[in-house]
Amino acid sequence: EMVATAAVRLPQPGPIQTDDAPAAVGPYAQGIVVEDGTVYASGCIGLDPATGEFVMEGVEEQARQVLKNLWVILQAGGVAAKGDIVKTTILLEDIADFGLVNGVYQEFFEGGQVPAR
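Values in this document were obtained by computation on a predicted structure and should not be read as measured data.

**Quick notes on the overall build of the protein chain**
Along the backbone of the protein chain there are two helices and five strands. Of the regular secondary structure in the protein chain, the N- to C-terminal order runs β-β-β-β-α-β-α. Radius of gyration (C-alpha) of the protein chain: 14 Å, near the 13 Å computed for a compact globule of 117 residues. By its C-alpha atoms, the protein chain is 40 × 30 × 20 Å across when sized along the principal axes. Taking contacts inside the protein chain between residues at least 6 apart in sequence as the whole, the part at least 24 apart equals 64%. As presented, the protein chain carries roughly 6,500 Å² of accessible surface, and 53% of it is formed by carbon and sulfur atoms. Measuring between centres, the 6 positive side-chain charges of the protein chain sit 8 Å from its 16 negative side-chain charges.

**Side note on the environment of E35**
Tracing the sequence through the fold places E35 in the loop between β3 (31-33) and β4 (38-41). The class for E35 is exposed, based on a relative accessible area of 70%. Each C-alpha atom, one on E35 and one on E57, is 40 Å from the other, the two residues being 22 residues apart in sequence.

**A look at the packing of aromatic side chains**
Counting across every chain of the model gives three aromatic pairs. With 6.4 Å between their ring centres and 80 degrees between their planes, W71 and F108 make a pair best called edge-to-face. Remark: F108 occurs in helix α2 (residues 98-108) and W71 occurs in helix α1 (residues 59-76); sequence separation between them is 37 residues. Accessibility classification places W71 together with F108 in one group, the buried group. An angle of 90 degrees between the planes, with centres 4.9 Å apart, marks the rings of F108 and F109 as edge-to-face. One aromatic cluster in this structure is built from W71, Y105, F108 and F109. Over the ring of W71 we find K82, and its NZ or CZ is 5.7 Å from the ring centre.

**Structural notes on α2**
For α2, the full list of buried residues reads V101, V104, Y105 and F108. Buried positions in α2, seen along its axis, are confined to an arc of 105 degrees and lie on one side of it. Summarising the geometry of α2, the exposed residues directed more than 90 degrees from the buried face are G99 and Q106. Trailing α2 by a residue or two, E110 shows a phi angle of about 50 degrees, which is positive.

**Here's the deal with the side chain of T88**
As for its position among the elements, T88 is in strand β5 (residues 87-92). Looking at T88, the relative accessible area reads 2%, which means it is buried.

**Some words on the pattern of salt bridges**
Evaluated as defined, the whole model comprises three salt bridges. E61 is the partner of R64 in a salt bridge, and the nearest nitrogen-oxygen pair spans 2.8 Å. One end of the pair is R64 and the other is E61, both in helix α1 and three residues apart, which spans about a single turn. Here K82 makes a salt bridge to E110, at a shortest N to O gap of 3.6 Å. One end of the pair, K82, is in the loop between α1 and β5; the other, E110, is in the segment after α2, and 28 residues separate them in sequence. According to the relative accessible area criterion, K82 is buried, its value standing at 18%.

Calculation notes
- Residues numbered from 1 in each chain as written.
- Predicted model: local features only at pLDDT ≥ 70, side-chain atom pairs only at ≥ 80, totals over all residues.
- Heavy atoms only, no water.
- Helix = DSSP H or I, 4+ residues; strand = E, 2+ residues; numbered from the N terminus.
- Rg over C-alpha atoms; globule rule 2.2 N^0.38 Å.
- Contact = heavy atoms within 4.5 Å.
- Areas by Shrake-Rupley, 256 points an atom, 1.4 Å probe, with all protein chains shown as cover.
- Lys, Arg positive; Asp, Glu negative; His and termini not counted.
- Charge placed at Lys NZ, Arg CZ, Asp CG, Glu CD.
- Buried < 20%, exposed > 50% of the residue type's maximum accessible area, 1.4 Å probe, protein only.
- Phe/Tyr/Trp six-rings, centres within 6.5 Å; stacked < 30°, edge-to-face > 60°.
- Lys NZ or Arg CZ within 6 Å of the ring centre and 35° of its normal.
- Arc of directions from axis to C-beta.
- Salt bridge = Lys/Arg side-chain N within 4 Å of Asp/Glu carboxyl O.

Such coordinate-based values are descriptive only and should not be taken to indicate function.
The structure is reproduced here in structure tokens:
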């Protein structure tokens, strides 16, 4: 299992909600844009928003789904480019998966600027 969050800066404050990512499972928003323009995305897990089920094909597919979920939330908040992401946090259940997840992470950022982690 992998959980990821991210923060970027945007101009319009308010909560973020999109049907393209799994719904929040508690009393919190998928993300929020605060007054200074910073965007915070809540932690994302490897749920497929279409089925509500965990992606079960392995850690790489889970990581891809997590990053996809995170990206659609950020896009719903107005983020236009992955290079605008300034910070992410990744939590792994098993550190042995670090290399596999790093590969997916690098693929996600397409060889461009990567954020602090």
